[in-house]
Amino acid sequence: MHEIVTLQFGQQANYVGTHYWNTQEAYFTYEGQEESPIDHDISFVPGFGADGSDTYTPRTLIYDLKGAFGTLRRENALYEQHVNDPAQLNLWNRDAVTLRNPPIQPSPYQQALEAGHALPALTTETVRFWSDYNHVYYHPKSIVQLNEFELNSSLMPFENYATGEELFRSLDREHDLLDRDLRPFLEACDQLQAVQIFTTTDDAWGGFTARYLERIADELGKGTRWVFALENSPATTRSRRFEQMTQAAESVYSIVPSASMYVPLKNSPNLLGGMQYDARSRWHTSALQAAVLETSTLSGRLRSGAMGHASLDEVETSISSNGQRPVVETSCAFRDPLLLSGAKAVNGDHDTRMANGHINGHAEDEEAKSTVDFMPDMPSMHSRHHSVPRLGTTASAQVARGPWYSSLEIQEADMNARDRYLQGTRTFIHQTEALFQLLSSYPSIFRYPDSPDKLAVKTSLSSSTRVNTYLSNLAEVARASRGMDDHEAVYHGLASMAEEYVEDRGGLSSGDSDDD
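Residues numbered from 1 in each chain as written. Predicted model: local features only at pLDDT ≥ 70, side-chain atom pairs only at ≥ 80, totals over all residues. Heavy atoms only, no water.

(A) Local environment of the overall build of the chain. For the chain, the helix and strand inventory stands at 13 helices and 15 strands. Counting every position in the chain, which comprises 516 residues, the buried fraction comes to 52%. Residue pairs at least 24 apart in sequence account for 79% of intrachain contacts in the chain once pairs closer than 6 positions are excluded. Roughly 24600 Å² of accessible area belongs to the chain as shown, and the carbon and sulfur atoms make up 48% of that amount. (Helix = DSSP H or I, 4+ residues; strand = E, 2+ residues; numbered from the N terminus. Buried < 20%, exposed > 50% of the residue type's maximum accessible area, 1.4 Å probe, protein only. Contact = heavy atoms within 4.5 Å. Areas by Shrake-Rupley, 256 points an atom, 1.4 Å probe, with all protein chains shown as cover.)

(B) Quick peek at the packing of aromatic side chains. Under the criterion given, the structure shown has 26 aromatic pairs. When the centroid spacing of 6.5 Å and the interplanar angle of 15° are considered together, the rings of Tyr-442 and Phe-446 count as stacked. Each member of the pair, Tyr-442 as well as Phe-446, is classed as buried. Members of the aromatic cluster, joined through ring pairs, are Phe-9, Tyr-63, Phe-149, Phe-158, Phe-168, Trp-205, Phe-208 and Tyr-212. (Phe/Tyr/Trp six-rings, centres within 6.5 Å; stacked < 30°, edge-to-face > 60°.)

(C) Representation of the side chain of Thr-297 in the model. As for its position among the elements, Thr-297 is in the loop between α7 (282-296) and α8 (312-319). You can call Thr-297 buried: its relative accessible area is 1%. Polar contacts involving the side chain of Thr-297 include one to the main-chain carbonyl oxygen of Glu-294, which spans 3.4 Å. Excluding residues that lie within four positions of it along the chain, Thr-297 makes contacts with Tyr-20, Gln-196, Trp-226, Phe-228 and Leu-312. (Polar contact = N/O pair within 3.5 Å; in protein donor to acceptor, adjacent residues only side chain to side chain.)

(D) Focus on the pattern of salt bridges. All chains considered together, the criterion is met by 23 salt bridges. With its nearest N and O atoms 3.6 Å apart, the salt bridge here joins Arg-215 to Asp-176. Taken as a pair, Arg-215 in helix α5 (residues 204-220) and Asp-176 in the loop between α3 (161-175) and α4 (177-187) lie far apart in primary sequence, 39 residues in all. Accessibility expressed as a relative area gives 31% for Asp-176, which makes it partly exposed. Residue Arg-240 is joined to Glu-243 by a salt bridge in which the shortest nitrogen-to-oxygen separation is 2.8 Å. Of this pair, Arg-240 and Glu-243 both sit in helix α6 (residues 238-255), three residues apart, roughly one helical turn. (Salt bridge = Lys/Arg side-chain N within 4 Å of Asp/Glu carboxyl O.)

(E) Fine view of the sheet that holds strand β6 (residues 192-200). The six strands are arranged β5-β4-β1-β6-β7-β8 in an open sheet whose pairing can be described as parallel. Of all the strands in the sheet, just β5 (143-150) and β8 (261-265) have a single pairing partner and so form its edges. Within the sheet, the average angular offset between the axes of one strand and its neighbour, ignoring direction, is 15°. Bridge count between strand β4 (residues 60-66) and β5: five bridges; the pairing is parallel. Looking across to β5, one finds that Tyr-63 is bridged to Val-144. This element, helix α1 (residues 11-26), spans β1 (3-9), β4, β6 and β7 (225-230) of the sheet and lies at about 130° to β6. α4 contacts β1, β4, β5 and β6 of the sheet and is inclined by roughly 160° relative to β4. (Pairing = 2+ DSSP bridges. Axes fitted to C-alpha atoms, helices over the stretch in contact; angles between N-to-C directions.)

(F) Inspection of the nonpolar core at higher detail. One finds Leu-265, Met-275, Leu-288, Phe-334, Ile-445 and Phe-446 to be the most contacted residues of the largest nonpolar core, which totals 57 residues. Counting residues per element, this core draws most heavily on α7, at seven residues. Filtering out sequence-adjacent residues up to four positions away, Ile-445 remains in contact with Gly-274, Met-275, Gln-276, Tyr-277, His-284, Ala-287 and Leu-288. With 56 residues, the next largest nonpolar core counts Leu-7, Cys-189, Tyr-262 and Tyr-501 among its residues. (Core = buried A, V, L, I, M, F, W, Y, C linked by side-chain atoms within 4.5 Å.)

(G) Quick peek at the environment of Leu-220. Inspection of the secondary structure puts Leu-220 in helix α5. By relative accessible area, which is 39% here, Leu-220 ends up partly exposed. Not counting the four nearest positions on each side in its chain, Leu-220 is found in contact with Leu-186 and Arg-225.

(H) Just α7, in detail. For α7, with 15 residues, the first-to-last C-alpha span of 21 Å sits near the 21 Å given by 1.5 Å per residue. In terms of residue burial, α7 counts as a mostly covered element, since 14 of its 15 residues are buried. Sitting at the amino-terminal end of α7 is Ser-281, which places a side-chain oxygen 3.3 Å from the backbone nitrogen of Trp-283. (Expected span 1.5 Å × (residues − 1).)

(I) Quick peek at the packing of α6 against helix α13 (residues 487-499). Packing of α6 against α13 brings their axes to within 10 Å, and their N-to-C directions diverge by 65°. Our classification of the angle between α6 and α13 gives roughly perpendicular. Between α6 and α13 the crossing geometry is left-handed. For the pair formed by α6 and α13, the contact residues are Ala-249, Glu-250, Val-252 and Tyr-253 on the first element and Ala-489, Val-490, Gly-493, Leu-494 and Met-497 on the second. Residue composition of the contact of α6 with α13, by class: seven nonpolar, one polar and one charged. (Parallel < 35°, antiparallel > 145°, perpendicular 65-115°, else oblique. Left-handed = near helix turned anticlockwise from the far one by under 90°. Nonpolar A, V, L, I, M, F, W, Y, C, P; charged D, E, K, R; others polar.)

(J) Region of the structure containing the packing of helix α12 (residues 465-480) against α13. In the contact formed by α12 and α13, the axes pass within 8 Å of each other and the chain directions differ by 170°. By the criterion of interaxial angle, the relationship of α12 to α13 is roughly antiparallel. From α12, Asn-468, Leu-471, Ser-472, Leu-474, Ala-475, Glu-476, Ala-478 and Arg-479 reach across to α13, where they touch His-487, Glu-488, Val-490, Tyr-491, Leu-494, Ala-495, Met-497, Ala-498 and Glu-499. Partitioned by chemical class, the residues of the contact of α12 with α13 number 10 nonpolar, three polar and four charged.

(K) Region of the structure containing the environment of Thr-427. Mapped onto the elements of the fold, Thr-427 is located in strand β12 (residues 426-432). Along the backbone, Thr-427 and Ala-413 are 14 residues apart, and their C-alpha atoms lie at a distance of 6.2 Å. With near-sequence residues (within four places) excluded, Thr-427 lies in contact with Ser-396, Gln-398, Ala-413 and Ala-417.

(L) Looking closely at the pairing of β1. Counting buried positions over the seven residues of β1 gives seven, a clear majority of the element. The sheet contact formed by β1 and β6 spans seven bridges and is parallel. Bridging across to β6, Ile-4 finds its partner in Ala-194.

(M) The arrangement of unusual backbone geometry in detail. Of note in the backbone geometry, Asn-152 takes a positive phi value of approximately 60° without being a glycine. Relative to the helices and strands, Asn-152 resides in the loop between β5 and α3. The phi torsion at Ser-321 lies on the positive side, around 55°, for a residue other than glycine. Within the secondary structure, Ser-321 sits in the loop between α8 and β9 (329-335).

Shown next as structure tokens:
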């Protein structure tokens, strides 16, 4: 087995994580059904419940603030423990006054799910917490509530990088978080494939994540560690937006040295025709981010020998230039699988022109129309005379679900990617027939005519000059910040990272030509 352990830090990450784990559970097959191409043991760990029955729970740790878990409890139907009410244990041998917060009532969706009834449609009004649409039972050790801060507190907001950094250090001094929380999950692995982290990086969770990853690196040494850096909703004021960018700059600077892959994901991408969502709803924004990261990592969860299987280390190695370019840009294409199959049939599966993006002249246009860019927008703070690098990409790893490519195209792309003298983008394709399922817990974002319950999705993780622009703009934010103690060190560190993504530092291929 090559297990993947997941860490989830904060509200947006746990909204994403709930979509992610609902999708993993949906891959389960039962007697009489065709075996899933997904190896469930990679993401789930077998165990025993309180009554001795077999359990199968996610290999994940879920960190969030007080008040963020909604109706989710550490003990559940699998691990129910009959403990006396603490209020009834009179430890003081005198009269005691019990103060209780009013209980949070389960959402109608959760009530129907528990009772096995028909599920009502979810809306932005009925989803109050990420637990309102959760399908999965977690092990009690997966749930870690940080009581030092409360969700949405105006008195003690959890917003600044330094706040998260200090919280981790104080908790780690008191409890040794890796030993208490992470070690049981690592010890349950036969052969760890990777640790994947879902976290926001433009608030205090960036500082918490940076110190957590630093401890992991100290304890475990080198390894495959993918950080999906999620944006929060953009602030409504310029000053608050600049503060968010400042936290993001410090997070990138501190996290990247301990990560093997850093994948920034925009919160509110520009959508395409046939797509509609509420940018104010975490349930909606996290759904798109979840589709991207769930697909990007799918090759590492496929059964060994299955079509499209590749470990996360293999995917990472193909695009990171021996670890010199760990920050990647991400895009994602969504299509109705029936329409995609029809287009392939019309244009011919075995036309070798398709490998170069020429399907009767329409392939590139059609793909551009179905592709969403998830690279965060960072307003430029450079002078007008600052030179912007030409757009170019050195390598791209694609995970395709559905008939995006013929076997001939995949074979030709693989041959080209391994050509030492290739002048252009090296594209590595990992294609599987496992489509992305649109579950009842997933918002109605895709408005295709046939209302499919599954989508053909294709993600691209790319090393490109756009990463240079992203890191350079963050470096300028750090230099302009006066609230950051080490802003000069952060500026120089980010600027140094950005230099790895210019054409003369690694043969980045350009989309433009110098020839007239």
